[in-house]
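Observations on the three-dimensional arrangement
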Amino acid sequence: MSTTLTDAPRTERAPGPRLLRGLSWLVVRQHRALLLSLLAVMVLGSIWLVYERGQMKDFLDAAGWPEKELAQPTFDSDGVGLVIAALGGLPLILAVFVGAPLIAGDQEQGTAQLVTTQSVSRLRWVATKFAWIYAAVLVTSALLSALFTWWWKPYRSVFPSLWSDGSVFDNTGPMLPALCLFMTAAGITIGVLARRVLMSMAVTFVFAAAAGVVWDEMIVHLAPTRTLTYPLNADMPSRLDESLEVDRWIGSADGHLYGWGLCSKATEKASDACVKEHGIVNNVYKYLGFDQMPAMQWTGAGILLAGTVVLTAFVLWRVSRRPL
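This report concerns the structure included in the present document. (Residues numbered from 1 in each chain as written. Predicted model: local features only at pLDDT ≥ 70, side-chain atom pairs only at ≥ 80, totals over all residues. Heavy atoms only, no water.)

Of all hydrophobic cores here, the largest spans 65 residues; its most connected members are Trp151 and Phe159. Mapped onto this core, the elements with two or more residues apiece are helix H1 (22-30), helix H2 (32-62), helix H3 (78-109), helix H5 (122-152), helix H6 (166-169), helix H7 (175-194), helix H8 (197-218) and helix H10 (293-321). For this core, the leading source of residues is H5, giving twelve residues. Those residues in contact with Trp151 that sit more than four places away from it in its chain are Leu49, Glu52, Arg53, Met56, Val80, Val83 and Phe159. (Core = buried A, V, L, I, M, F, W, Y, C linked by side-chain atoms within 4.5 Å. Buried < 20%, exposed > 50% of the residue type's maximum accessible area, 1.4 Å probe, protein only. Helix = DSSP H or I, 4+ residues; strand = E, 2+ residues; numbered from the N terminus. Contact = heavy atoms within 4.5 Å.)

As structure tokens, this is what we get:
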């Protein structure tokens, strides 16, 4: 008697529903390493900021601050310097390593031509890339900026940098997300035009460095300056303690202004004679106040976001008109 053995029917597990479908799934899968890297930067950077803030808080509490003055006027440490350097370098890193290769890499490797021969239009493909990368950059930079602002605000009087320094001004409030988005958009634009990854990264690095220098010079133009006049030999008014000096003069009673060093002579007698000769009675101080910082940051962020929109629109227009 013989029996016939048959294989048991194979049951395949039905795939579960995907959170992403279509083009979004393709873009996330293609750039999963990049997106995971940004996630790691956000998580590890957040932990680092919270830790460094705790270190500062413990030190100041042990020193009895603010009831007692510190032996040094500011708190400075290697950790604070590294955090400031890392946040300051984040826009440049995103521009060079995220923006520049994003589309240039696809152009160089032929991926762009392969994708756009399918049913997906070039415009839709690039727009989806923009959406995912901008979202990842925005979330990462916004969280790091919020944590740094939370650290800096209560301890700004002992922080090693003034509010007007780029290391604080550019890394708090809306400035860091706006800078990161603009630099990323600039990198993408350069990559689309250069079409080669290494060339795009090199040009983007130079552009980002130059843009950083120009931006530092623009800070004083983000709000109208104020002018304060006070007697020549009087102490500087307390309202100027946290101010950013834009210019300073000495002035006569009739309002004529002279350069600050006009009467800086070799001897006190010569200086007094100069003061008397020109009738100088006042100090005239041109400045930006600390209370203007939020408005300055939102103005600066608006300029950068407008630049981001322009660059993004240019890239979308170009890819819709010309093949990648």
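What follows deals with the sheet that holds strand S2 (residues 244-252). Spatially, the four strands line up as an open sheet ordered S1-S4-S2-S3, and their pairing is antiparallel. For this open sheet the edge positions go to strand S1 (226-231) and strand S3 (257-259), each flanked by a neighbour on one side alone. The mean inter-strand angle of the sheet, taken between neighbouring strand axes irrespective of direction, is 35°. Inspection of the sheet shows S2 paired to S3 by three bridges, in the antiparallel sense. In the strand pairing of S3, Gly251 is matched with Leu257. (Pairing = 2+ DSSP bridges. Axes fitted to C-alpha atoms, helices over the stretch in contact; angles between N-to-C directions.)

Look at the link from Trp65 to Pro66: it is a cis peptide, with omega at 10°. Mapped onto the secondary structure, Pro66 falls in the loop between H2 and H3. Positive phi, close to 70°, is recorded for Arg195, a residue that is not glycine. Within the secondary structure, Arg195 sits in the loop between H7 and H8. Its relative accessible area of 30% is what places Arg195 among the partly exposed residues.

Evaluated as defined, the whole model comprises one disulfide. The residue that forms a disulfide with Cys263 is Cys274, at a sulfur-sulfur distance of 2.1 Å. As the torsion about the S-S bond is roughly -70°, the Cys263-Cys274 disulfide counts as left-handed. Here Cys263 is found in the loop between S3 and helix H9 (268-278), whereas its partner Cys274 is found in helix H9, with eleven residues between them in sequence. (Disulfide = S-S within 2.5 Å.)

Here the focus is the environment of Leu92. On the secondary structure map, Leu92 appears in helix H3. For Leu92, a relative accessible area of 25% translates into the label partly exposed. Taking the C-alpha atoms as reference points, Leu92 and Gly212, separated by 120 residues in sequence, lie 8.8 Å from one another. Residues within four places of Leu92 in sequence aside, it is in contact with Phe205, Ala208 and Ala209.

If you walk through the whole model with that rule in mind, you get four salt bridges. The partner of Glu242 in a salt bridge is Arg156, and the shortest N-O contact between them spans 2.8 Å. Placement of Glu242 in the loop between S1 and S2 and of Arg156 in the loop between H5 and H6 is noted, with a sequence separation of 86 residues between them. By relative accessible area, Glu242 is classed as partly exposed at 34%. Across the pair Arg226 and Asp291 runs a salt bridge, and its minimum N-O distance is 2.8 Å. Placement of Arg226 in strand S1 and of Asp291 in the loop between strand S4 (280-288) and H10 is noted, with a sequence separation of 65 residues between them. (Salt bridge = Lys/Arg side-chain N within 4 Å of Asp/Glu carboxyl O.)

With that settled, consider the pairing of S4. Relative to S4, S1 is paired through six bridges, and the arrangement is antiparallel. Its bridge partner being in S4, Tyr230 is matched across the sheet by Asn283. Pairing analysis gives eight bridges linking S2 to S4, with the strands arranged antiparallel. Note that in S4 the partner of Leu244 across the bridge is Leu288.

Bringing the environment of Val246 into the picture now. Among the secondary structure elements, Val246 is positioned in strand S2. In this structure, the C-alpha to C-alpha distance between Val246 and Lys286, residues 40 residues apart in sequence, is 5.5 Å. The contact partners of Val246, leaving out residues within four places of it in the chain, are Thr225, Lys286, Tyr287 and Leu288.

The angle between the axes and the distance between the axes are what describe a pair of packed helices. Where H2 contacts H5, the axes come no closer than 9 Å and their chain directions differ by 0°. In terms of orientation, H2 lies roughly parallel with respect to H5. Of the residues in H5, those in contact with Leu34, Leu35, Leu38, Val41, Met42, Gly45, Ser46, Leu49, Val50, Glu52, Arg53 and Met56 of H2 are Trp132, Ile133, Ala136, Val137, Val139, Thr140, Leu143, Leu144, Leu147, Phe148, Trp150 and Trp151. Its residues assigned to classes, the contact of H2 with H5 comprises 19 nonpolar, three polar and two charged. (Parallel < 35°, antiparallel > 145°, perpendicular 65-115°, else oblique. Nonpolar A, V, L, I, M, F, W, Y, C, P; charged D, E, K, R; others polar.)

Mapped onto the elements of the fold, Asn283 is located in strand S4. Residue Asn283 is classed as buried on the basis of its relative accessible area of 4%. Residues contacting Asn283, with those up to four places away along its chain left out, are Leu228, Thr229, Tyr230, Pro231, Leu232, Trp249, Ile250 and Trp260.

Interpretation in functional terms is not warranted from these geometric data alone.
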